[in-house]
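Okay, here's what each chain looks like letter by letter:
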Amino acid sequence: MTELSSTETSPLDTARSLAARWDAQQTGYIRHRAQRFDTIARVVAGVCVDVAEPRILDLAGGTGALALHVLRHVPKARAVVADKDPALLAIADDLAADDPRLQTADVDLARADWSEHPAIASAPFDAIVSSTALHWLQPGDLVDVYRTLPGLLRPGGILLNGDHLSYSAQHEGTLARIALADDAAMQAQTFAGDTDTWDEWWQAVADVPRYAAALQRRSEVWGAELHVAPPKVTLGFHLESLQSAGFVETGTVWQYLDDHVVYGVTAPR
Ligand SMILES: C[S@@+](CC[C@H](N)C(=O)[O-])C[C@H]1O[C@@H](n2cnc3c(N)ncnc32)[C@H](O)[C@@H]1O
């Protein structure tokens, strides 16, 4: 990919370019990411149909891609992008400079106090969304996050989490193989062109002097954890955890192979 020259572009243009490249890069790993985002946004719009100014929380929202997508479908909403990565949050902050509906919250979801951040503690939210992110949590931390969410949602509010929820190699071997092969085919097709891989995208960020300090903080925040994937959990684990957390309606609202959008609705008033 061509390098971004931050001397020729404004911080907003630089952030927009990196955000667009992020979306293309992520789509290389998630064949139907756009459908996943559309589904989440349309369901949020439905849940918020009678709400004058809906409040949305994007968990582990990175640059704010999903939050911004939801805001396109629900223009009267405001969204908080919660994440722990200083570099992704710096880009989200530059995007937020152009959109007063967007706000960031620097939080580590693996810490017990994450929901005390002022932007989050001012709940209730109408919808909490997440994409390609909660698999970064250890299973115990995921359960704790799910248990926190009903307290942050209004009655009848919704959680929507889109992520790869792996098939069990032992009990669902056929589809596990097909899903892995499909991912590999998608990545081969995408990255044979000029779309950034994960590493190339991060190099593009490193090429922007404005984000140097945030990248330095990034390596301090993540340390070795950045390279250690937690154990994978199944769809059943997510649904059981949501039910045990107190969500009264749970299920899958969209699926393509192991790519799912799971949801939970809190009890009505
Ligand atoms: C693949 S990115 C997805 C970002 C965004 N949701 C999207 O779909 O474009 C995974 C995100 O999870 C965030 N993340 C992982 N572990 C986290 C944690 N413990 N607390 C907060 N954010 C976390 C990362 O910083 C990163 O932004």
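Residues numbered from 1 in each chain as written. Predicted model: local features only at pLDDT ≥ 70, side-chain atom pairs only at ≥ 80, totals over all residues.

A. Here's a closer look at the overall build of the protein. Helix and strand counts for the protein come out as 10 helices and seven strands. Computed over the C-alpha atoms, the radius of gyration of the protein is 18 Å, within 12% of the 18 Å expected from 2.2 N^0.38 for a compact globule of 269 residues. When its C-alpha atoms are laid out on the principal axes, the protein stretches across 55 × 45 × 35 Å. Residue burial in the protein is summarised as follows: out of 269 residues, 40% are buried. A sequence separation of at least 24 residues applies to 70% of the contacts in the protein between residues at least 6 apart. (Helix = DSSP H or I, 4+ residues; strand = E, 2+ residues; numbered from the N terminus. Rg over C-alpha atoms; globule rule 2.2 N^0.38 Å. Buried ≥ 20, exposed ≤ 12 C-beta atoms within 10 Å, placed from the backbone. Contact = placed C-beta atoms within 7 Å.)

B. Inspection of unusual backbone geometry at higher detail. A cis amide bond, omega 20°, links A123 with the succeeding residue P124. Along the chain, the position of P124 falls in the loop between helix 5 (118–121) and strand 4 (125–131). For A60, which is not glycine, the phi torsion reads 55° and is therefore positive. Examined against the element boundaries, A60 turns out to sit in the loop between strand 1 (55–59) and helix 3 (65–73). Owing to 25 C-beta atoms within 10 Å, A60 belongs among the buried residues under this scheme.

No statement about biological role is implied by the geometric values presented.
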